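Chain and residue survey
Chain residues, written in single-letter form:
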Amino acid sequence: MRRLRFITGVVLVLGGPSAGILVLRAAVGDRARAQAALVAAADREAEARHAEERRAVETQVSAAATLEPLAAGLRARVDGATLVDMFENEDWWRPYRQAFPLVRVLADGKPLATRGPAVSAAEAELVARARAQGLASGIVRLDSGAYVAAAVRVPGAVEREPFLVLGRPLAAEAPPPPPTVAPSPLADRTVVWPVVGVVCLGGLGLVLSGRRRGAGAGAIPVAPLHEITSRFGTPANPRAVPATPARGPITDGHAMRIPSAPGVAAAAAVATRPSADPGSLFGRYRLLGRLGEGGMSELFVAEATGVEGFSRTFVLKRLRHELAHHKEAVAQFIDEARMQAGLVHSNIVPVFDFGVVGGEYFMTQEYIVGRDLGRLLPRVVAATGAGLPESVAYYIAYETLQALSFAHERRDKSGAAMNIVHRDVSAGNVMVSLLGEVKLADFGIVKASRRVTQTQVGMVKGNANFMSPEQARGQAVDRRSDLFSLAHVLHYALTGRLLYSGENDLDVLYRAANGLTEQDLQYLAKFPEPARGVLTKALAFDPAERFQSATEFADALAAHIGGGKSETARLMRSLFGPELEREVTGQSAAVVGGHA
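Conventions used here
- Residues numbered from 1 in each chain as written.
- Predicted model: local features only at pLDDT ≥ 70, side-chain atom pairs only at ≥ 80, totals over all residues.
- Heavy atoms only, no water.
- Helix = DSSP H or I, 4+ residues; strand = E, 2+ residues; numbered from the N terminus.
- Buried < 20%, exposed > 50% of the residue type's maximum accessible area, 1.4 Å probe, protein only.
- Contact = heavy atoms within 4.5 Å.
- Phe/Tyr/Trp six-rings, centres within 6.5 Å; stacked < 30°, edge-to-face > 60°.
- Pairing = 2+ DSSP bridges.
- Salt bridge = Lys/Arg side-chain N within 4 Å of Asp/Glu carboxyl O.

Some remarks on the overall build of the protein chain
Each helix and strand in the protein chain was counted, giving 17 helices and 14 strands. For the protein chain, the proportion of its 596 residues judged to be buried stands at 42%. Put simply, 64% of the contacts in the protein chain that link residues at least 6 apart link residues at least 24 apart.

So, unusual backbone geometry
In the segment running from Glu529 into Pro530, the intervening peptide bond is cis, with an omega of 5°. Within the element layout of this structure, Pro530 appears in the loop between α14 (518-524) and α15 (531-538). One non-glycine residue with positive phi stands out, namely Asn419, at about 55°. Within the secondary structure, Asn419 sits in the loop between α10 (390-408) and β13 (430-433).

Some words on the packing of aromatic side chains
Considering all chains together, one arrives at 11 aromatic pairs under this definition. Ring centres of Phe282 and Phe362 lie 5.4 Å apart, and the angle between their planes is 90°; on these two criteria the pair is classed as edge-to-face. One end of the pair, Phe282, is in strand β6 (residues 281-282); the other, Phe362, is in strand β11 (residues 360-366), and 80 residues separate them in sequence. Residue classification places Phe282 among the buried residues on the basis of a relative accessible area of 1%. Each ring, one from Phe547 and one from Phe553, has its centre 4.6 Å from the other, and the planes form 15°; the classification is stacked.

Here we look at the pairing of β13
Side chains of β13 alternate between two faces, with Val430 and Val432 and Met431 and Ser433 buried alike. Strand direction decides the pairing type here: strand β12 (residues 370-372) and β13, joined by three bridges, are antiparallel. Within the sheet, the bridge partner assigned to Arg371 lies in β13 and is Val432. Sheet topology note: the β13/strand β14 (residues 438-440) ladder contains three bridges and is antiparallel. Along β14, the bridge assignment pairs Val430 with Leu440. What sits between the antiparallel neighbours β13 and β14 is a turn of four residues, in which Gly436 has the positive phi angle 90°.

Thoughts on the environment of Val357
Looking at the secondary structure, you find Val357 in strand β10 (residues 351-357). Since its relative accessible area comes to 18%, Val357 is described here as buried. Remark: the alpha-carbon pair of Val357 and Gly283, spanning 74 residues in sequence, is separated by 5.9 Å.

Concerning the pattern of salt bridges
For the coordinates displayed, the defined rule picks out 17 salt bridges. Across the salt bridge formed by Arg153 and Glu161, the nearest N and O atoms sit 3.7 Å from each other. Classification of Glu161 by relative accessible area gives partly exposed; the value is 28%. Here Glu579 ties to Arg379 by a salt bridge, and the two come within 3.1 Å at their closest N and O atoms. Residue Glu579 is located in helix α17 (residues 564-595), and its partner Arg379 is located in helix α9 (residues 373-384); the two are separated by 200 residues in the primary sequence. Taking relative accessible area as the criterion, Glu579 reaches 21% and is therefore assigned partly exposed. Here the residues in one salt-bridge network are Arg290, Glu298, Arg318 and Glu360, joined through shared partners.

Here is the structure:
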């Protein structure tokens, strides 16, 4: 019996700690597995919520991809800047403009148009799945945050393999508390180790009770075990030694996100961005008022002052803030300033200054007290029901041709031809002053052999209402394309209406790419001379059948411009005189007020 107690005691003493360790490990493992199961369930719940958002975006991107203007633009091979401009301004895109700040159009496997955050490699997998399935969605994480996005193949332009990607920020959710599992008593060392201690003590007692002392006939009686007591001064409930905390990140208790370098740069740019409010300073210029904005730049009336009360008013053209870090846009803006500054001619709007203020590029141009043809013609039509008087229309066309002749024949310092093509000769870029002067503006998309940025073949830039067929098709253009556009301007001046019409820019672009129809030619044949012959020749589909130079075109109009300048000045005074005088007076008052 004593032997059995001895063996049992040894087993308890030796096996107690091992059993305690095994119990602890099993309890902790069970808790970890239960915790993982709860986390997985929470992830599945979040994934279900995200799936609903993805399905909603898939429905909307599928509807957007079927819009005919988008497919027509891809078939016509418009460039990315034109597409972005339409996304920002066209009514047919209005339902998607606010809902989806992230817009991508890909064609021929490459990004074509980007609106919103910069393109990231995170979208490549999404587009790859859409290429295989036709439609795909997912959560895309960019520097600016997480977006729920969907990509779909755009029908109607198969040869370019176009895809549309739409994305919106992932719905913000308060992070749920981490799921926890109630701790098991078996996983608490303050519970297990005392139990193990009691088991070991019990085993020790059995060992001592089962020992035999000496070799005598009788056993030496063993004194009864005394109750274990604490040393004098030990508290009644000693504190357990605190468990070593699990290792983790050392924090100050506050979550902190360190932005990426582009985010820091963007934040700094916003903080230092010059104000655009009237009366605010922009470098050495004071902004007097906002004229408007286009796809790449903003226009302001600005005033520069000097000593002894000297002041002069300019048009300040500033590259749009969101394009300040876009290398191609900056290079194109610099090209425009450099090109137009070198074209010093009485019929070309001159550039006087170029620079950078607070990281924003700008140029200043002559402030013309007048209106462009795009604003002049509607006023004339409203007043008379017809276009301009013939002498005025021919005079404006003749003066614009002088500007084109100078630009087309321009040579660099070495004497080599610069081969300049304006590419945006349109009513909005022909300025008419209150004194009857005519000036050609906006060389922003000019083509020239010395230009840094070049438009790729297949890309379309310009105003579709005045575009030549070769330009609308994205083909190579020369000076004869500008002459075709000027003929459109002349037709618009004579009639007060555009030769091409359509529900949107893409319909007009399709018309431009196909040139004049037989019906258009029959319509021109009813015009009196010289309009009939001049327009029929200048608007020929084949460039070889048009006027071959601006000088040749101007010569065909020279005999019909007598008194054109004085008549133009009278017309401008009658239509805009008081209005322009108020503008000039208002700017003068703003200047005085700005210095008060």
